[in-house]
Amino acid sequence: MEKIIDENKQGETLVLNQKDGNTRKLFIESYGCQMNFSDSEIVASILTEQGYNTTQNLEDADLVLVNTCSIRDKAEQTVRKRLEKYNAVKKSHNPGMKVGVLGCMAERLKTKFLEEEKIVDLVVGPDAYKDLPNLLSEVEEGRDAINVILSKEETYGDIAPVRLNTNGVTAFVSITRGCDNMCTFCVVPFTRGRERSRDPQSIMEEITDLWNRGFKEVTLLGQNVDSFLWYGGGLKKDFEKASDIQKATAVNFAQLLDMCATTFPKMRFRFSTSNPQDMTLDVIESMAKHRNICKYIHLPVQSGSNRILQEMNRQHTREEYFELIDNIKRLIPDCAISQDMISGFPTETEEDHQDTLSLMEYVKYDFGFMFAYSERPGTLAERKMEDDIPEDTKKRRLQEIIELQQEHSFYRTKQHLGKIEEVLIEKLSKRSSEHWSGRNSQNTVVVFPKGDYKPGDFVNVKITDCTSTTLIGEAVGYSENN
Ligand code: SAH
Ligand code: F3S
C-alpha cells in the first residue's frame, strides 16, 4: 500500500512505502544520477521484506541510508554534510538510530568511511544490496558491517523495485549496470564495476507491472545503454566465447527498444545515457520507426577538441561525432539532443575550449549538463596528469559554455512555437496550481492550464510561448495515444 506525501525536498522520499505488519522505520535518500534513485527503490524493496517501512522523519528512523555519488568532489561534500546532520539528529533526538552509506562513495572509500565518519555503521557498495539483511544483523549485534564486493553478474533483475519519489506516471527501469569505457576523468568504472546487461525477460516483466499499475512512461537506464547486449548473462567480453545458439538469440539495444515499443504500444519510452562511440545506426532507425520512442537523445561529448577527446579516452573524434549528429537529424529531423560537457580538463588550451564552443555551435543542443573538471582519486587522469588548469580559468570557460547553451536552448524552444505537440501530464506546475506540467517527446517541459485533464493523460498542446527551458501552451484535446 502506498501513501502519497505532498512534500518536495530534494533527495528525500516522497512516497511512504507501507507494508502492514512492518514495525521498523527506514529513512532513505539519494544523491547523484538517476541510477542511484532507481537503486534506492531496489534497496527499499529488499528492506520491506525485512520489516522496514519508509519514513520522512529522521527523528524516528531506526535506519538511515544515504545513497551516494562520487562523480565530482562537490557531490561527496554534500554527502559529508548530510552525515553531520544525521549526527546532530542522533545526538539530540534519536540515540538508537543506525546509519548506512550506499552507492559510489561507499565503494570508493570502503573501510575508510568507518574510520573517518564515526556516525557510519554500515557501508554497502552498489552490487551488494542483496546482502543487506545479513549486514543489518551484524549492525544489530553492535558490529560495523561492510560489503563492497563488485559483481560480474548482479543486475537485480529478480527484485521488483518499490516506487519511491513517484508521480505515478513515469518510472525508471535499469537495463545495464557498470561501465567498461574507462574515460580517464571518470570514477564510475571503479565504483560501479564491469558492465552487465539485464535479462530482457525480467525487463519486460517489470514494464508489464508498471503498465498494470497505470504508469505511462518508462526510461530505460544504464551508464551506457547502447552497449546493452544480452546473450545469457555475464560480461560483454565473454560474448566472444558464447555458443552459436547464444549468439543467434542475443538481444542488442536496438532490438530491446523494438521489443519494448512493440509489446507496449501505448507506453512511452525514453533511455539514458548514450555514449557516442556505442550508438549505432540501428538504434536511431528503431527510434524513427516507433512513435512511442521519444525523440530525444542524451549524447554526452565532454569536449569539442580532438586532442582532449583522446586524452579523455573517448573513442571517437569530433568529425565522427558530427557524422552521428547528421545521421540522427537525417533519420529523425525533430530529434532533440543534449550534452554533458567538462571545462578545464588537464592541458586544455584556449584553442581546445574554442573547439568545444564551435562544436556546440554546430549541434545547437536542446539542453546541457555542464561541469568544471574535478579530479577524482584513482582515475587515470589523476594518476597520469596534473590538474593544471587554474580554478578561475575552469570557471570562466564553464560560464562561456553555459551562456552559449542558454542561447541554443532558447533557439530550440522557439522552434516549438505555434506547433501542436503531444504532452504526457506528470504533475502540477511548480509555479501555479492551475497549470499541469508534462513533457513533449523531445523532453522539453510544457506547462498549460489544467482544463479537465489529469496526470497520466496524453494531451495535444498548442505551444504559444516559451522561455529558454519551458514551453507554455493550451490543450486542444486528447492525443491519439490516450
Ligand atoms: N554514462 C554516464 C555518465 C556518468 S557521469 C551517465 O549515465 O550519465 C555524468 C557526467 O558527469 C559525465 O558525462 C561528465 O560530463 C561528468 N563528469 C564525470 N566525471 C567528471 C569529473 N571528474 N569532473 C567533472 N565532470 C565529470
Ligand atoms: Fe564514465 Fe565514460 Fe562510463 S563518463 S560512466 S566511464 S562512458
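All figures in this text were calculated on a predicted structure; none of them were measured in a lab.

**Q** Would you take a moment to explain the site of ligand 2 for this structure?
**A** Neighbouring ligand 2 are Cys179, Asn181, Met182, Cys183, Phe185, Cys186, Val188, Pro189, Gln223, Asn275 and Arg314. Residue composition of the shell around ligand 2, by class: seven nonpolar, three polar and one charged.

**Q** How should I be thinking about the UniProt feature "domain: Radical SAM core" (unreviewed entry) in the chain in this particular structure?
**A** In this structure's numbering, the residues bearing the UniProt feature "domain: Radical SAM core" (unreviewed entry) are residues 165-412. The annotated region residues 165-412 carries 42% helix and 16% strand content, and the separation between its end C-alpha atoms amounts to 30 Å.

**Q** What am I meant to see in the pairing of strand β17 (residues 336-343) here?
**A** The buried count for β17 comes to eight of eight residues, which makes it a mostly enclosed element. Burial along β17 is two-sided: Ala336, Ser338, Asp340 and Ile342 and Ile337, Gln339, Met341 and Ser343, pointing in opposite directions, are all buried. In this sheet, β17 lies alongside strand β16 (residues 296-298) in parallel orientation, the contact comprising three bridges. Across the sheet, residue Tyr296 finds its bridge partner in β17, namely Ala336. Running through helix α13 (residues 350-363), the crossover from β17 to the neighbouring parallel element strand β18 (residues 367-372) is right-handed.

**Q** Is there a simple way to think about a negative patch on the surface in this case?
**A** Among the surface-exposed residues, Glu319, Glu320, Glu323 and Asp326 lie close enough to one another that they form a single negatively charged patch. You can see Glu323 is positioned in helix α12 (residues 318-331).

**Q** Explain the nonpolar core here, please?
**A** The nonpolar side chains of soluble globular proteins are, as a tendency, buried together. In this structure, Ile207, Leu220, Phe253, Leu256, Phe271, Leu299 and Tyr365 are the most contacted members of the largest nonpolar core, which totals 50 residues. No other element matches helix α9 (residues 253-263), which puts six residues into this core. If near-sequence neighbours (up to four positions away) are discounted, Phe271 is found in contact with Thr219, Leu220, Val225, Phe253, Leu257, Met279, Met287, Ile293, Tyr296 and Ile297. Counting 24 residues, the second largest nonpolar core, distinct from the first, contains Ile28, Leu132, Ala145 and Val162.

Reading guide: rules and limits
- Residues numbered from 1 in each chain as written.
- Chains lettered and ligands numbered in written order.
- Predicted model: local features only at pLDDT ≥ 70, side-chain atom pairs only at ≥ 80, totals over all residues.
- Heavy atoms only, no water.
- Near = heavy atom within 4 Å.
- Nonpolar A, V, L, I, M, F, W, Y, C, P; charged D, E, K, R; others polar.
- UniProt positions renumbered as here; feature names shortened; annotations may be inferred.
- Helix = DSSP H or I, 4+ residues; strand = E, 2+ residues; numbered from the N terminus.
- Buried < 20%, exposed > 50% of the residue type's maximum accessible area, 1.4 Å probe, protein only.
- Pairing = 2+ DSSP bridges.
- Right-handed = clockwise from strand over helix to strand, strands pointing away.
- Patch = residues over 30% accessible without salt bridge, like charges linked within 9 Å, V, L, I, M, F, W, Y side chains within 5 Å.
- Areas by Shrake-Rupley, 256 points an atom, 1.4 Å probe, with all protein chains shown as cover.
- Salt bridge = Lys/Arg side-chain N within 4 Å of Asp/Glu carboxyl O.
- Lys, Arg positive; Asp, Glu negative; His and termini not counted.
- Charge placed at Lys NZ, Arg CZ, Asp CG, Glu CD.
- Core = buried A, V, L, I, M, F, W, Y, C linked by side-chain atoms within 4.5 Å.
- Contact = heavy atoms within 4.5 Å.

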